[in-house]
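Coordinate inspection notes
One letter stands for each residue in the lines below.
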Amino acid sequence: MDSGGGEGYAVDDYESLMSTTDVELLKTAWRNEKAAPEILKFDSNLVQRSRQLIQFMEETVDEFNKNGVDPLTVSLYQMDLDRTMFLLRSYLRTRLQKIEKYVFHIRKTAELWNRLSLKEQQFAEGCAIDLKDHLEQSVLSKLPEQYQSHLRQSAASEDDDMVPEPQLDAYVVCRSKRYLGAFQLDDGGEEPVNIEADDLYALPYKSIKPLVESGQIDLV
Amino acid sequence: MYGRKATELVKEFASSEPGQLSTFNNDVFAQVLEECNGHLLHLEPLMMNIQENENKLRDKRSEEEMGMSEDERGNSEAEKMLIQSAIKSDQFGALIHHLSLLRNKRCLMAYVYNRAEVIRNLGWMVDSVLPEEIEEKLSGTEKEYFKKHANTLQSYMAEVDLHLTVDMVPPKDPYIKVRVLDDIGEVVLSDQVANLARHAIMFLRRTDAEQYITQGQMEELTS
């Protein structure tokens, strides 16, 4: 790309940064998060690196602007920056929306709770309090005493039977980067599925969950 | 019929457009709550009856163990049967009231919970200020909830130092063409100072324009 002699080194730097696959990784994380019914593990390193990358891209664009580089070039860089920004924002946003939706479930399930970043945990804490207060004020406080829990239907319930949970048996579309061989869906009685590289499959999320978590398979 | 009012609430929510809110149905809501308390009023004496009868039954048994004549034994058998059937009928009555109460609770909760979800989604779109025509549809606690939740969200965004309510759609072009719908006046945007007068058609940075678009002060022109 022609960008004038003066900032050749910046371009080199930029190219080398772009060639690391952080943006691609972010895209994958984002896609998985979008498609999975439950919340996935927060990739704090990746987010950290993406933010550094974004900052660097911003600086580059600013520098280009200052040095009067061809506007078309600048706008291409700007567009790339905007796209990366979108990915990051949308990734964080999708997670927050899941937290909002399943806040009680996430809060009482240690496994899910540990998947959140520290700040997300704070957010979830706040969310849960807000929602609980709201439910209590509008409904629960007006009901008879044995029926006032926001997690249980009544004092007679043995465990929390009124917490919305994500539907883990929902079907998701997924694709593997490499051949994984025969894979047994856990419903039993069914033929194992042969997972080929780069083929699309629609499978219940529950059965491929371990593959998603270990990064062997990507959701689309 | 028990539980019919509560169904109305849920039906009302289910039949409204997804993502849209209708006015909070205070009237039916209060009626269902009343019904719940009515159930409790029925429930409590029934539970007490059951308790009493069970005690009586226990007394009878201990009397029997003390020993009694054939005649007395026959009488006591009959009495026991009577008490038992009284317990049974009270139990079924109590169960009906208990289950109706549960059902009403679930309906009320579903109504409030699902509305809360819509309200939260609005929070993503309008950035902490609700338009008036929506606000008047909410109940008092719902307004409160919206504010609190918006604050929680704001503090998260402040923590991560990233504004999350912009960029809702994937960007195609850094600049978009917009028409200004309201007299906004002179504003400092990220790359220029612009005079946003009504009906002006401008070329703005997407991130700048987005906040105005969500507030309905601008519209995007797609060619």
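Residues numbered from 1 in each chain as written. Chains lettered and ligands numbered in written order. Predicted model: local features only at pLDDT ≥ 70, side-chain atom pairs only at ≥ 80, totals over all residues. Heavy atoms only, no water.

So, the domain arrangement of chain A
Residue and element names in this part refer to chain A. Per the domain assignment, the segments of chain A are domain 1 (8-101) and domain 2 (171-219). Between domain 1 and domain 2, the residue contacts involve eight residues of the former and seven residues of the latter. With both sides pooled, the region where domain 1 packs onto domain 2 buries about 620 Å², and carbon together with sulfur makes up 58% of that total. In this structure, the connection of domain 1 to domain 2 is made through one salt bridge. Put simply, E38 and K209 hold a salt bridge, and the shortest N to O gap is 3.7 Å. Summed over the shared surface of domain 1 and domain 2, the result is two residue pairs in polar contact (both at pLDDT 80 or more). Per-class residue counts for the side of domain 1 that touches domain 2 are four nonpolar, two polar and two charged. (Domains from an automatic or database assignment. Contact = heavy atoms within 4.5 Å. Buried area = accessible area lost by both parts, 1.4 Å probe. Salt bridge = Lys/Arg side-chain N within 4 Å of Asp/Glu carboxyl O. Polar contact = N/O pair within 3.5 Å; in protein donor to acceptor, adjacent residues only side chain to side chain. Nonpolar A, V, L, I, M, F, W, Y, C, P; charged D, E, K, R; others polar.)

A look at the domain arrangement of chain B
The assigned domain composition of chain B is domain 1 (4-158) and domain 2 (175-220). Using C-alpha coordinates to define each centre, domain 1 of chain B is positioned 50 Å away from domain 2 of chain B.

Brief notes about the packing of aromatic side chains
Residue and element names in this part refer to chain A. Summed over the entire model, instances satisfying the criterion amount to seven aromatic pairs over all chains. Seen from their ring centres, F64 and Y77 are 5.0 Å apart, and the 70 degrees between their planes marks the pair as edge-to-face. Here Y77 lies in helix α4 (residues 71-101) and F64 lies in helix α3 (residues 44-66), a separation of 13 residues in the sequence. When sorted by exposure, F64 lands in the same class as Y77, which is buried. (Phe/Tyr/Trp six-rings, centres within 6.5 Å; stacked < 30°, edge-to-face > 60°. Helix = DSSP H or I, 4+ residues; strand = E, 2+ residues; numbered from the N terminus. Buried < 20%, exposed > 50% of the residue type's maximum accessible area, 1.4 Å probe, protein only.)

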